[in-house]
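Here's the letter readout for the chains.
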Amino acid sequence: MIDFNKLISGDRRTLARAITLLESTKDSDRALAEDLLDKALPHSGKSFRIGITGVPGVGKSSFIEAFGQHLIAKGHKVAVLAVDPSSPINGGSIMGDKTRMEKLSSMNEAFIRPSPTSGSLGGVAFKTREAIVLCEAAGFDFIIVETVGVGQSEYEVHSMVDFFAILMLPNAGDELQGIKRGILELADLIVVNKADGQTIQLAKAAVQQYTGAVELLTSVSLWKPKVVATSSLEKTGIDNVYDIISEYRTTPAIAGAFKTKRAEQNKNWFHKLVHELIELRLNSKKEYKDKRASLESEVTAEKKSPLSAAQDYINEVLK
Ligand SMILES: Nc1nc2c(ncn2[C@@H]2O[C@H](COP(=O)(O)OP(=O)(O)OP(=O)(O)O)[C@@H](O)[C@H]2O)c(=O)[nH]1
Ligand SMILES: [Mg+2]
(Lines give C-alpha, C1' and ligand atoms only; values in the text may rest on other atoms or scores of the structure.)
(Ligands and ions follow the chains in the order given, each with its own letter.)
Protein backbone atom coordinates (compact mmCIF):
# COMPACT_ATOMS: atom_id res chain seq x y z
CA MET A 1 0.00 0.00 0.00
CA ILE A 2 2.76 2.44 0.93
CA ASP A 3 5.57 2.35 -1.62
CA PHE A 4 8.59 2.12 0.66
CA ASN A 5 11.11 3.04 -2.01
CA LYS A 6 9.15 6.17 -2.78
CA LEU A 7 9.08 6.97 0.90
CA ILE A 8 12.83 6.77 1.38
CA SER A 9 13.40 8.67 -1.85
CA GLY A 10 11.69 11.57 -0.06
CA ASP A 11 8.37 11.67 -1.90
CA ARG A 12 6.24 14.02 0.18
CA ARG A 13 2.87 12.57 -0.82
CA THR A 14 3.97 9.09 0.11
CA LEU A 15 5.26 10.42 3.43
CA ALA A 16 1.92 12.13 4.07
CA ARG A 17 0.04 8.91 3.34
CA ALA A 18 2.39 6.91 5.54
CA ILE A 19 1.73 9.26 8.47
CA THR A 20 -2.00 9.00 7.86
CA LEU A 21 -1.60 5.24 8.14
CA LEU A 22 0.18 5.70 11.48
CA GLU A 23 -2.64 7.83 12.76
CA SER A 24 -5.32 5.33 11.82
CA THR A 25 -6.89 3.53 14.74
CA LYS A 26 -8.04 0.53 12.66
CA ASP A 27 -6.31 -2.66 13.81
CA SER A 28 -5.43 -3.72 10.27
CA ASP A 29 -3.83 -0.33 9.60
CA ARG A 30 -2.00 -0.54 12.89
CA ALA A 31 -0.33 -3.77 11.80
CA LEU A 32 0.70 -2.23 8.47
CA ALA A 33 1.97 0.85 10.26
CA GLU A 34 4.10 -1.22 12.62
CA ASP A 35 5.63 -3.08 9.66
CA LEU A 36 6.37 0.20 7.98
CA LEU A 37 7.99 1.60 11.12
CA ASP A 38 10.21 -1.46 11.47
CA LYS A 39 11.35 -1.03 7.90
CA ALA A 40 11.89 2.69 8.33
CA LEU A 41 13.84 2.45 11.58
CA PRO A 42 17.23 1.56 10.03
CA HIS A 43 16.87 4.62 7.78
CA SER A 44 16.03 6.95 10.64
CA GLY A 45 17.91 8.72 13.43
CA LYS A 46 20.09 10.90 11.25
CA SER A 47 18.29 14.17 11.76
CA PHE A 48 18.54 16.94 14.29
CA ARG A 49 15.28 17.26 16.21
CA ILE A 50 14.14 20.60 17.56
CA GLY A 51 11.18 21.22 19.84
CA ILE A 52 9.56 24.65 19.84
CA THR A 53 7.05 25.82 22.40
CA GLY A 54 5.51 29.07 23.64
CA VAL A 55 2.16 30.57 24.53
CA PRO A 56 -0.53 30.84 21.82
CA GLY A 57 0.22 33.75 19.51
CA VAL A 58 3.88 34.20 20.46
CA GLY A 59 4.76 33.47 16.84
CA LYS A 60 5.84 29.83 16.76
CA SER A 61 4.48 29.15 13.29
CA SER A 62 5.79 32.45 11.93
CA PHE A 63 9.20 31.70 13.43
CA ILE A 64 9.25 28.25 11.85
CA GLU A 65 8.25 29.78 8.51
CA ALA A 66 11.32 32.03 8.67
CA PHE A 67 13.72 29.58 10.30
CA GLY A 68 12.67 26.73 8.00
CA GLN A 69 13.50 28.81 4.94
CA HIS A 70 16.85 29.66 6.47
CA LEU A 71 17.58 25.96 6.99
CA ILE A 72 16.64 25.19 3.40
CA ALA A 73 18.90 27.99 2.16
CA LYS A 74 21.68 26.24 4.10
CA GLY A 75 20.97 23.04 2.19
CA HIS A 76 18.78 21.19 4.68
CA LYS A 77 15.43 19.45 4.36
CA VAL A 78 12.90 20.40 7.02
CA ALA A 79 9.93 18.52 8.40
CA VAL A 80 7.54 20.35 10.71
CA LEU A 81 5.21 18.38 12.95
CA ALA A 82 2.64 20.12 15.11
CA VAL A 83 1.34 18.84 18.42
CA ASP A 84 -1.75 20.69 19.48
CA PRO A 85 -3.21 19.59 22.81
CA SER A 86 -6.14 21.95 22.50
CA SER A 87 -7.65 20.67 19.29
CA PRO A 88 -7.59 16.88 19.25
CA ILE A 89 -10.28 16.60 16.61
CA ASN A 90 -9.29 16.72 12.95
CA GLY A 91 -6.75 19.51 13.37
CA GLY A 92 -8.39 22.85 14.01
CA SER A 93 -4.92 24.23 13.43
CA ILE A 94 -4.47 22.93 9.89
CA MET A 95 -5.46 26.11 8.15
CA GLY A 96 -3.73 28.36 10.65
CA ASP A 97 -0.47 26.48 10.38
CA LYS A 98 -0.47 26.25 6.62
CA THR A 99 -1.26 29.89 6.14
CA ARG A 100 1.33 30.98 8.69
CA MET A 101 3.85 28.80 6.86
CA GLU A 102 2.72 29.61 3.38
CA LYS A 103 6.06 29.92 1.65
CA LEU A 104 7.68 27.09 3.56
CA SER A 105 4.82 24.70 2.87
CA SER A 106 5.15 25.30 -0.86
CA MET A 107 8.84 24.38 -0.91
CA ASN A 108 10.00 20.95 -2.05
CA GLU A 109 12.55 20.71 0.75
CA ALA A 110 9.86 21.14 3.40
CA PHE A 111 7.18 18.88 4.76
CA ILE A 112 4.53 20.26 7.10
CA ARG A 113 2.16 18.10 9.05
CA PRO A 114 -0.54 19.53 11.28
CA SER A 115 -1.54 18.08 14.60
CA PRO A 116 -2.71 14.47 14.57
CA THR A 117 -5.89 13.31 16.19
CA SER A 118 -4.48 11.93 19.39
CA GLY A 119 -5.43 8.79 21.22
CA SER A 120 -4.85 8.50 24.92
CA LEU A 121 -1.97 6.05 24.58
CA GLY A 122 1.34 7.74 25.30
CA GLY A 123 -0.16 11.21 25.53
CA VAL A 124 -0.90 13.86 22.96
CA ALA A 125 2.42 13.50 21.22
CA PHE A 126 2.25 9.73 20.83
CA LYS A 127 1.96 9.64 17.04
CA THR A 128 4.54 12.36 16.66
CA ARG A 129 7.36 10.06 17.78
CA GLU A 130 6.48 7.63 15.05
CA ALA A 131 6.04 10.39 12.48
CA ILE A 132 9.57 11.60 13.28
CA VAL A 133 10.95 8.19 12.30
CA LEU A 134 9.14 8.29 8.96
CA CYS A 135 10.27 11.86 8.21
CA GLU A 136 13.85 10.88 8.91
CA ALA A 137 13.58 7.82 6.70
CA ALA A 138 12.31 10.15 3.98
CA GLY A 139 15.54 12.14 4.26
CA PHE A 140 14.47 15.17 6.28
CA ASP A 141 17.50 16.15 8.33
CA PHE A 142 15.87 18.80 10.49
CA ILE A 143 12.70 17.87 12.32
CA ILE A 144 10.84 20.68 14.07
CA VAL A 145 8.09 19.83 16.52
CA GLU A 146 5.83 22.77 17.40
CA THR A 147 3.63 22.67 20.44
CA VAL A 148 1.55 25.18 22.36
CA GLY A 149 3.00 25.77 25.81
CA VAL A 150 0.05 24.59 27.84
CA GLY A 151 -0.43 21.44 29.85
CA GLN A 152 1.86 18.49 29.41
CA SER A 153 2.63 18.68 25.73
CA GLU A 154 5.87 20.61 26.14
CA TYR A 155 7.25 17.94 28.46
CA GLU A 156 6.29 15.26 25.99
CA VAL A 157 7.90 17.12 23.13
CA HIS A 158 11.01 17.83 25.20
CA SER A 159 11.42 14.09 25.75
CA MET A 160 11.63 13.37 22.02
CA VAL A 161 13.91 16.12 20.71
CA ASP A 162 17.62 16.94 20.79
CA PHE A 163 17.21 20.66 21.31
CA PHE A 164 14.40 22.57 22.93
CA ALA A 165 13.55 26.22 22.27
CA ILE A 166 11.00 28.39 24.05
CA LEU A 167 9.57 31.44 22.36
CA MET A 168 8.73 34.41 24.55
CA LEU A 169 6.89 37.66 24.05
CA PRO A 170 8.89 40.86 24.51
CA ASN A 171 7.04 42.04 27.63
CA ALA A 172 9.49 40.33 29.94
CA GLY A 173 8.13 41.53 33.26
CA ASP A 174 4.83 39.71 32.95
CA GLU A 175 6.34 36.81 31.15
CA LEU A 176 8.94 36.06 33.77
CA GLN A 177 6.27 35.88 36.41
CA GLY A 178 3.88 33.86 34.34
CA ILE A 179 6.33 31.29 33.11
CA LYS A 180 6.41 27.95 34.78
CA ARG A 181 9.83 27.64 36.33
CA GLY A 182 10.26 24.07 35.27
CA ILE A 183 9.83 25.03 31.64
CA LEU A 184 12.75 27.42 31.75
CA GLU A 185 14.90 24.54 32.94
CA LEU A 186 13.94 22.52 29.87
CA ALA A 187 15.16 25.20 27.48
CA ASP A 188 18.35 25.07 25.45
CA LEU A 189 17.37 28.34 23.86
CA ILE A 190 15.05 31.20 24.78
CA VAL A 191 13.87 33.19 21.78
CA VAL A 192 12.36 36.60 22.45
CA ASN A 193 10.23 36.98 19.35
CA LYS A 194 8.53 40.08 17.90
CA ALA A 195 11.68 42.13 18.40
CA ASP A 196 10.53 44.70 15.86
CA GLY A 197 8.63 47.98 15.55
CA GLN A 198 7.26 49.31 18.82
CA THR A 199 8.41 46.37 20.89
CA ILE A 200 12.05 46.30 19.93
CA GLN A 201 13.21 48.02 23.15
CA LEU A 202 11.06 45.76 25.27
CA ALA A 203 12.58 42.80 23.52
CA LYS A 204 16.09 43.98 24.32
CA ALA A 205 15.16 44.38 27.96
CA ALA A 206 13.60 40.91 27.92
CA VAL A 207 16.79 39.38 26.55
CA GLN A 208 18.68 40.92 29.48
CA GLN A 209 16.18 39.64 32.00
CA TYR A 210 16.16 36.12 30.65
CA THR A 211 19.91 36.09 30.46
CA GLY A 212 19.90 36.96 34.13
CA ALA A 213 17.31 34.30 34.91
CA VAL A 214 19.31 31.67 33.07
CA GLU A 215 22.37 32.53 35.18
CA LEU A 216 20.40 31.50 38.24
CA LEU A 217 19.50 28.07 36.93
CA THR A 218 21.22 25.41 38.95
CA SER A 219 20.47 22.47 36.66
CA VAL A 220 22.78 23.64 33.89
CA SER A 221 25.51 21.16 33.13
CA LEU A 222 26.83 20.68 29.61
CA TRP A 223 25.13 23.61 27.98
CA LYS A 224 24.05 26.95 29.32
CA PRO A 225 20.78 28.03 27.66
CA LYS A 226 21.23 30.89 25.21
CA VAL A 227 18.92 33.88 24.84
CA VAL A 228 18.31 35.60 21.53
CA ALA A 229 15.92 38.18 20.06
CA THR A 230 14.20 37.58 16.72
CA SER A 231 11.62 39.07 14.45
CA SER A 232 9.92 36.36 12.47
CA LEU A 233 8.25 38.96 10.31
CA GLU A 234 11.39 40.97 9.52
CA LYS A 235 13.53 37.82 9.59
CA THR A 236 16.09 39.25 11.98
CA GLY A 237 17.96 37.11 14.49
CA ILE A 238 17.08 33.96 12.58
CA ASP A 239 20.70 33.43 11.53
CA ASN A 240 21.74 33.75 15.19
CA VAL A 241 19.42 30.89 16.05
CA TYR A 242 21.03 28.80 13.34
CA ASP A 243 24.51 29.64 14.64
CA ILE A 244 23.56 28.76 18.21
CA ILE A 245 22.22 25.40 17.08
CA SER A 246 25.39 24.76 15.09
CA GLU A 247 27.43 25.64 18.16
CA TYR A 248 25.32 23.26 20.22
CA ARG A 249 25.83 20.42 17.76
CA THR A 250 29.58 20.91 17.60
CA THR A 251 30.21 21.38 21.32
CA PRO A 252 32.31 18.28 22.07
CA ALA A 253 30.63 17.39 25.36
CA ILE A 254 27.18 17.67 23.77
CA ALA A 255 28.13 15.75 20.65
CA GLY A 256 29.67 13.06 22.86
CA ALA A 257 26.48 12.69 24.86
CA PHE A 258 24.18 12.80 21.83
CA LYS A 259 23.76 9.06 21.37
CA THR A 260 23.35 8.47 25.08
CA LYS A 261 20.63 11.10 25.25
CA ARG A 262 18.66 9.51 22.43
CA ALA A 263 19.18 6.05 23.88
CA GLU A 264 17.88 7.34 27.20
CA GLN A 265 14.83 8.88 25.50
CA ASN A 266 14.08 5.59 23.76
CA LYS A 267 14.49 3.66 26.98
CA ASN A 268 12.06 5.94 28.82
CA TRP A 269 9.62 5.79 25.95
CA PHE A 270 9.77 2.00 25.96
CA HIS A 271 9.00 1.89 29.67
CA LYS A 272 6.15 4.33 29.29
CA LEU A 273 4.67 2.23 26.49
CA VAL A 274 4.98 -0.99 28.48
CA HIS A 275 3.18 0.67 31.34
CA GLU A 276 0.41 2.04 29.17
CA LEU A 277 -0.05 -1.09 27.09
CA ILE A 278 -0.39 -3.21 30.22
CA GLU A 279 -3.09 -0.90 31.50
CA LEU A 280 -4.82 -0.96 28.14
CA ARG A 281 -4.79 -4.76 27.92
CA LEU A 282 -5.94 -5.23 31.49
CA ASN A 283 -8.80 -2.82 31.10
CA SER A 284 -9.95 -4.56 27.96
CA LYS A 285 -10.53 -7.79 29.91
CA LYS A 286 -13.82 -7.92 31.72
CA GLU A 287 -12.77 -10.07 34.67
CA TYR A 288 -9.85 -7.79 35.51
CA LYS A 289 -11.96 -4.74 35.10
CA ASP A 290 -14.55 -6.16 37.49
CA LYS A 291 -11.88 -7.14 39.97
CA ARG A 292 -10.49 -3.67 39.88
CA ALA A 293 -13.91 -2.11 40.37
CA SER A 294 -14.65 -4.24 43.40
CA LEU A 295 -11.26 -3.51 44.97
CA GLU A 296 -11.85 0.15 44.28
CA SER A 297 -15.09 0.06 46.28
CA GLU A 298 -13.31 -1.65 49.15
CA VAL A 299 -10.70 1.09 49.14
CA THR A 300 -13.24 3.91 49.05
CA ALA A 301 -15.23 2.21 51.84
CA GLU A 302 -11.98 2.05 53.86
CA LYS A 303 -12.18 -1.72 54.07
CA LYS A 304 -8.82 -2.14 52.43
CA SER A 305 -5.76 -0.01 52.18
CA PRO A 306 -4.83 1.18 48.69
CA LEU A 307 -1.59 -0.78 48.92
CA SER A 308 -3.13 -4.08 49.87
CA ALA A 309 -5.86 -3.62 47.23
CA ALA A 310 -3.18 -3.01 44.62
CA GLN A 311 -1.31 -6.11 45.81
CA ASP A 312 -4.50 -8.19 45.59
CA TYR A 313 -5.09 -6.92 42.09
CA ILE A 314 -1.59 -7.73 40.90
CA ASN A 315 -1.74 -11.17 42.49
CA GLU A 316 -5.00 -11.85 40.69
CA VAL A 317 -3.63 -10.72 37.35
CA LEU A 318 -0.31 -12.54 37.62
CA LYS A 319 -1.66 -15.76 39.10
N1 LIG B 1 5.38 42.04 14.93
C2 LIG B 1 5.53 40.75 14.87
N3 LIG B 1 4.46 39.94 14.80
C4 LIG B 1 4.64 38.61 14.72
C5 LIG B 1 5.94 38.04 14.73
N6 LIG B 1 5.82 36.68 14.67
C7 LIG B 1 4.49 36.43 14.61
N8 LIG B 1 3.78 37.57 14.66
C9 LIG B 1 2.31 37.71 14.60
O10 LIG B 1 1.76 37.09 15.76
C11 LIG B 1 0.54 36.42 15.44
C12 LIG B 1 0.63 34.96 15.85
O13 LIG B 1 1.62 34.30 15.08
P14 LIG B 1 1.68 32.71 14.94
O15 LIG B 1 2.92 32.42 14.20
O16 LIG B 1 0.43 32.16 14.41
O17 LIG B 1 1.83 32.30 16.46
P18 LIG B 1 1.80 30.82 17.09
O19 LIG B 1 2.64 30.90 18.31
O20 LIG B 1 2.13 29.80 16.08
O21 LIG B 1 0.29 30.69 17.51
P22 LIG B 1 -0.54 29.35 17.84
O23 LIG B 1 -0.18 28.31 16.82
O24 LIG B 1 -1.95 29.79 17.77
O25 LIG B 1 -0.13 28.95 19.24
C26 LIG B 1 0.34 36.61 13.94
O27 LIG B 1 -0.53 37.70 13.74
C28 LIG B 1 1.72 36.94 13.43
O29 LIG B 1 1.70 37.72 12.26
C30 LIG B 1 7.08 38.92 14.80
O31 LIG B 1 8.25 38.52 14.82
N32 LIG B 1 6.81 40.25 14.87
MG1 LIG C 1 1.12 27.99 15.42
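In case you missed it, the structure is sitting above this.
Here is a short report on the structure shown in this document. Every value quoted in this text rests on a predicted model; they were computed, and no experiment measured them.

## Comments concerning the site of ligand 1
Among the 17 residues in the neighbourhood of ligand 1, the closest are listed as K60, S62, R100, D196 and S232. One nitrogen or oxygen atom from the side chain of K60 is found 2.8 Å from an oxygen atom belonging to ligand 1. Taken by itself ligand 1 offers 650 Å² of open surface, and the protein chains cover 73% of this. Elements represented by at least two residues in the shell around ligand 1 include exactly α4 (60-73) and β4 (142-148). Ranked by residues supplied to the shell around ligand 1, first place goes to α4 with three residues. Residue classes in the shell around ligand 1 are distributed as five nonpolar, seven polar and five charged.

## Some words on the coordination of the magnesium ion (ligand 2)
Coordination of the magnesium ion (ligand 2) by the protein involves S61 (OG) and E146 (OE), with metal-donor separations of 2.1 to 2.4 Å. A residue pair is termed long-range when its members are at least 10 positions apart, and S61 in helix α4 and E146 in strand β4 qualify at 85 residues. The residues S61 and E146 share a single accessibility class, namely buried.

## Quick word on the nonpolar core
Looking at soluble globular proteins, one finds that nonpolar side chains tend to be buried together. One finds L7, L15, L36, L134, C135, I143 and I190 to be the most contacted residues of the largest nonpolar core, which totals 47 residues. Beyond its immediate chain neighbours, meaning those up to four positions away, L15 contacts L7, F111, L134, C135, A138 and F140. Counting 32 residues, the second-largest nonpolar core is a separate cluster that includes I50, L71, V228 and I244.

Rules used in this analysis
Counting of residues starts from 1 at the beginning of each chain's written sequence and follows it residue by residue. Chain A is the first chain written and ligand 1 is the first ligand written, with later ones labelled in order. Restriction of local features to residues with pLDDT of at least 70 applies here, the model being predicted, together with a cutoff of 80 or more for giving and counting side-chain atom pairs; totals for whole chains, interfaces and linings are based on all residues. Calculation of side-chain values draws on the structure's entire complement of heavy atoms; hydrogens and water are dropped beforehand. Put simply, a residue is near a molecule or strand once any heavy atom of it comes within 4 Å of that molecule or strand. Any pair of nitrogen or oxygen atoms within 3.5 Å is treated as a polar contact; in protein, a donor-acceptor pairing is required on top of that, and neighbouring residues in sequence qualify only through side-chain atoms on both sides. In short, Shrake-Rupley with a 1.4 Å probe defines the accessible areas, and a residue's cover is counted only from the protein chains shown. The helix and strand labels rest on DSSP assignments: H or I over at least four residues marks a helix, E over at least two residues marks a strand, and numbering proceeds from the N terminus. In the scheme used here, Gly and all other residues not listed as nonpolar or charged are polar, with Ala, Val, Leu, Ile, Met, Phe, Trp, Tyr, Cys and Pro taken as nonpolar and Asp, Glu, Lys and Arg as charged. Each metal site lists N, O and S donors within 2.8 Å (3.2 Å for Na, K and Ca). With water left out of the atoms, a site can look as if it is missing ligands. The cut-offs for exposure are 20% and 50% of the maximum accessible area for each residue type, with area from a 1.4 Å probe on protein chains only; residues under the lower value are buried, those over the upper are exposed, and the others partly exposed. As used here, the term nonpolar core means buried Ala, Val, Leu, Ile, Met, Phe, Trp, Tyr and Cys residues forming a set that is joined through side-chain atoms within 4.5 Å. Only heavy atoms matter for contacts: two residues are in contact if any of them lie within 4.5 Å across the pair.

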